[in-house]
Amino acid sequence: MTVKPRIFLTRQLPSACMQALSDHTHLTMNPDDRCLTKQEIIDAVRDVDGLLCLLTDTIDVDVLDANPNLKVVANYAVGFNNVDVPAATERKIPVTNTPGVLTETTADMAFALLMAAGRRVAEGDRFVRTKAWGGWGPLQFLGADITGATLGLIGLGRIGKAMVRRAKGFDMNVVYWNRTRLSQEEEQQLGVTYGSMNEVLGQSDFVSLHVSLSEQTWHLIGSEQLKRMKPTASIINTARGPVIDEKALVHALQTGAITSAGLDVFENEPQLEPELYLLDNVVVAPHLGSATIGTRTKMGDIAIENCLAACRGDRPPNIVNP
Ligand code: DGY
């Protein structure tokens, strides 16, 4: 009879994942619908084989050192900037993520924010609810055309490429910057044009960010970069908040350096720069990129498989340690 691994889960997942965890593991978990403190995670991991955690959990040396026998840190996200991967690697602990399954869902959200920012959907919604609307007007809430516009993608990995597919449906011209340029063949196949960061920022009507967060991408978009954008342009962020310098963004939105923003992620979640709550030309969402029941369930399936594999002594399928 196989011994079920002991897993600690930092927050409840969709019901199908909870069923799988209860079938295949000895599960302990956070019973509340809130983030745990670091100390709570430290106390909980002391006696388990695996940790299944979220992007809101900071998994640093203190957590890793709380249990020298920890066999895996399975992050329930494609991003893993919340985990100290070098420290885990030093301790020979595999860290895993959930790539692939949230690509389309996240691109849907980015495109939804692009359209909402461009066509002032949230502003219109707020206005109608004031009951001050006097009827159709030729100059009301004029926005930007999406069809035929230029989309600039900063980062052309899986989610960036899913954005290209959506943009093509809207006859958009797509320019991109990526750390590594694609082959000419792939560029042609996708119908995208490579440019330097400044070229992409300067040419685009919509700029959408699709890079992971690292030391290199922290504040990749600051006041200098925002100044390069067209004053009519919008910026969309569904990647990680700290990729944009949020104070610089507020300034750009306040001064008309750019027209609008669609933000699903923030520099210090769940806090926003105070002005962002007040600005009309920003559409905000509470980090919903992967938030569909199907996708969140698939993310759970992958995270559980990663946990089980590592606890069996196998190489987990989605290991991110170098
Ligand atoms: C991720 O997986 O990194 C996403 O941000 C979750 O929504």
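This one's a predicted model, so the numbers in the text were calculated from it and none came from an experiment.

A.B. asks: Is there a simple way to think about the domain arrangement of the chain in this case?
C.D. replies: Interface size is commonly expressed as the accessible surface area that is lost when the partners come together. Parsing the chain into structural domains produces domain 1 (6-100 + 293-312) and domain 2 (103-284). Placing a centre on the C-alpha atoms of domain 1 and another on those of domain 2 gives a separation of 31 Å. Opposite the four residues of domain 1 that make contact, domain 2 presents six residues. Taken together, the residues that form the side of domain 1 that touches domain 2 break down as no nonpolar, four polar and no charged.

A.B. asks: Help me understand the sheet that holds strand S9 (residues 206-209), please; the structure alone is not making it clear to me.
C.D. replies: The strands making up a sheet associate through backbone hydrogen bonding, with each pair oriented either parallel or antiparallel. Taken in spatial order, the seven strands make up an open sheet running S8-S7-S6-S9-S10-S11-S12, and their pairing is parallel. Edge positions in the sheet fall to strand S8 (192-194) and strand S12 (282-284), since each has one partner strand and no second. Strand-to-strand twist of the sheet, defined as the mean angle between neighbouring strand axes without regard to direction, takes the value 20°. Pairing geometry for strand S6 (residues 150-154) and strand S7 (residues 173-177), over five bridges, is parallel. Looking across to S7, one finds that Ile-154 is bridged to Trp-177.

A.B. asks: Sorry, what's going on with the pairing of strand S11 (residues 260-263) here?
C.D. replies: Look at any regular strand and the pattern is simple: side chains alternate between the two faces of the sheet. Burial of S11 is two-sided: the residues Ser-260 and Gly-262 facing one way and the residues Ala-261 and Leu-263 facing the other way are all buried. Across four bridges, the pairing between strand S10 (residues 234-237) and S11 is parallel. Residue pairing across strands places Ile-236 opposite Gly-262, the latter belonging to S11. Where the polypeptide runs from S10 across helix H11 (residues 246-255) and back to S11, its parallel neighbour, the crossover connection is right-handed. Summarising the sheet, S11 and S12 pair through three bridges and their orientation is parallel.

A.B. asks: Could you clarify how one ought to interpret the sheet that holds strand S5 (residues 95-96) in this entry?
C.D. replies: The parallel open sheet is built from five strands, whose spatial order is S2-S1-S3-S4-S5. Of all strands in the sheet, those with a lone pairing partner are strand S2 (26-29) and S5, marking the two edges. Both strand S1 (residues 6-9) and strand S3 (residues 50-53) contribute to a ladder of three bridges, which runs parallel. Bridge assignment links Leu-9 to a residue of S3, and that residue is Leu-52. Against the sheet, helix H12 (residues 293-312) engages S1, S3, strand S4 (72-75) and S5, with an angle of about 170° to S4.

Rules of the game
Residues numbered from 1 in each chain as written. Predicted model: local features only at pLDDT ≥ 70, side-chain atom pairs only at ≥ 80, totals over all residues. Domains from an automatic or database assignment. Contact = placed C-beta atoms within 7 Å. Nonpolar A, V, L, I, M, F, W, Y, C, P; charged D, E, K, R; others polar. Pairing = 2+ DSSP bridges. Helix = DSSP H or I, 4+ residues; strand = E, 2+ residues; numbered from the N terminus. Axes fitted to C-alpha atoms, helices over the stretch in contact; angles between N-to-C directions. Buried ≥ 20, exposed ≤ 12 C-beta atoms within 10 Å, placed from the backbone. Right-handed = clockwise from strand over helix to strand, strands pointing away.

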